[in-house]
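# Coordinate inspection notes
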Amino acid sequence: MTQDEMKRKAAEAAAEYVVADEIVGVGTGSTVNHFIDVLADMKSTIEGAVSSSEASTRLMQERGIQVFDLNQVSNIPVYIDGADESDHYLNLIKGGGGALTREKIIAGASDKFVCIADESKLVDVMGTFPLPVEVIPMARSYIARELVKLGGRPVWRENFVTDNGCDILDVHDLQIMEPVKLENEINKMAGVVTVGLFCNRPADVLILGTPDGAKTVMPKS
């Protein structure tokens, strides 16, 4: 089974968490694109969706799924999104696609966060995938110097601008042993919009696509 097929299996399994006649939160990325295809087949059973990126909004609108602005809705029973890495406590690194800020907002506004990924994304210690940090453009060099002090090697994601008009620094060479502490430390830096650590609000459920089908992982206690 290919990696893409494993992503599809995870996306299909996530459909079980969608609540009928309610709004579903939808993230961004290659695995989520499969979920959007699945959601299109059941769009008559939901009220609509809120989206974490302009790219996902376009895909859903093309498939006839009504997309609401987050300010228009008061309740999101479930948010479905992917991840670039997850540890066994379901702390996540997200932001490879550049939508980390809006993803974090919708995750925070949702009752349940279901993460979907292929099995390669589950790791013992996060940091092999470079940690994205969205920054106000004028603060980019200052934040980069501060990230070096934390032991990282920040690289500016050139020729990329987020949906919020900001820059991204991808931080290499980190071994993230205390993810909540690191998330809080980076978020305190003036000029940081969001760091792509989802640890204060981790996933509630992780669905992994494997060669044997979808596997559900709950956070390690």
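Description of the structure in this document. (Residues numbered from 1 in each chain as written. Predicted model: local features only at pLDDT ≥ 70, side-chain atom pairs only at ≥ 80, totals over all residues. Heavy atoms only, no water.)

This part is about the overall build of the protein chain. Broken down by element type, the protein chain carries six helices and 14 strands. Here the C-alpha atoms of the protein chain give a radius of gyration of 17 Å, agreeing with the 17 Å that 2.2 N^0.38 yields for 221 residues. Counting only C-alpha atoms, the protein chain reaches 50 × 35 × 30 Å along its principal axes. Buried positions account for 53% of the 221 residues belonging to the protein chain. Put simply, of all contacts in the protein chain between residues at least 6 apart along the chain, 73% involve residues at least 24 apart. By element, 48% of the accessible surface of the protein chain is carried by carbon and sulfur atoms, the whole surface being about 10,200 Å². (Helix = DSSP H or I, 4+ residues; strand = E, 2+ residues; numbered from the N terminus. Rg over C-alpha atoms; globule rule 2.2 N^0.38 Å. Buried < 20%, exposed > 50% of the residue type's maximum accessible area, 1.4 Å probe, protein only. Contact = heavy atoms within 4.5 Å. Areas by Shrake-Rupley, 256 points an atom, 1.4 Å probe, with all protein chains shown as cover.)

The next subject is the pairing of strand β13 (residues 205-210). With six of its six residues buried, β13 lies for the most part within the structure. Of the two faces of β13, the one holding Val205, Ile207 and Gly209 and the one holding Leu206, Leu208 and Thr210 are both buried throughout. Note that strand β7 (residues 110-118) and β13 share five bridges and pair parallel. Looking at β13, one finds that Ala117 is bridged to Leu208. Strand direction decides the pairing type here: β13 and strand β14 (residues 213-217), joined by five bridges, are antiparallel. The residue of β14 that forms the bridge with Leu206 is Val217. Connecting β13 to the antiparallel partner β14 that follows it, the hairpin turn spans two residues. (Pairing = 2+ DSSP bridges.)

Between helix α1 (residues 3-14) and helix α2 (residues 30-40), whose axes approach to 8 Å, the crossing angle comes to 50 degrees. As summarised for this structure, α1 and α2 are arranged oblique, according to the angle between their axes. As α1 runs across α2, the sense of the crossing is right-handed. Where α1 abuts α2, its residues Asp4, Lys7, Arg8, Ala11, Glu12 and Ala14 lie against Ser30, Thr31, His34, Phe35, Asp37 and Val38. When grouped by side-chain class, the residues that make up the contact of α1 with α2 number four nonpolar, three polar and five charged. (Axes fitted to C-alpha atoms, helices over the stretch in contact; angles between N-to-C directions. Parallel < 35°, antiparallel > 145°, perpendicular 65-115°, else oblique. Left-handed = near helix turned anticlockwise from the far one by under 90°. Nonpolar A, V, L, I, M, F, W, Y, C, P; charged D, E, K, R; others polar.)

Time to look at the sheet that holds strand β5 (residues 85-86). Ordered by their spatial adjacency, three strands build an open sheet running β5-β6-β12, and the pairing between neighbours is antiparallel. Either end of the sheet is taken by a strand with one partner, and the two such strands are β5 and β12 (197-198).

Let's shift gears to the environment of Pro77. As for its position among the elements, Pro77 is in strand β4 (residues 76-81). In the structure, Pro77 is positioned 46 residues away from Thr31 in sequence and 20 Å away in space, judged by C-alpha atoms. If near-sequence neighbours (up to four positions away) are discounted, Pro77 is found in contact with Val19, Glu22, Ile23, Asp111 and Lys112.

Below, the discussion takes up a nonpolar patch on the surface. A contiguous nonpolar patch, built from Ile136, Met138 and Val193 and spanning about 300 Å² of accessible area, is present on the exposed surface. Relative to the elements of secondary structure, Ile136 occurs in the loop between β8 (131-135) and α5 (140-149). (Patch = residues over 30% accessible without salt bridge, like charges linked within 9 Å, V, L, I, M, F, W, Y side chains within 5 Å. Salt bridge = Lys/Arg side-chain N within 4 Å of Asp/Glu carboxyl O.)

Turning to α1, a few remarks are in order. Look at α1: 17 Å from first C-alpha to last across twelve residues, which is about the 16 Å you get at 1.5 Å a residue. Those residues of α1 lying buried are Met6, Lys7, Ala10, Ala11, Ala13 and Ala14. Along the axis of α1, the buried residues cluster in a sector spanning 165 degrees; they form a single face. Among the structural elements, α2, β4, β7, β13 and β14 are those in contact with the buried residues of α1. (Expected span 1.5 Å × (residues − 1). Arc of directions from axis to C-beta.)

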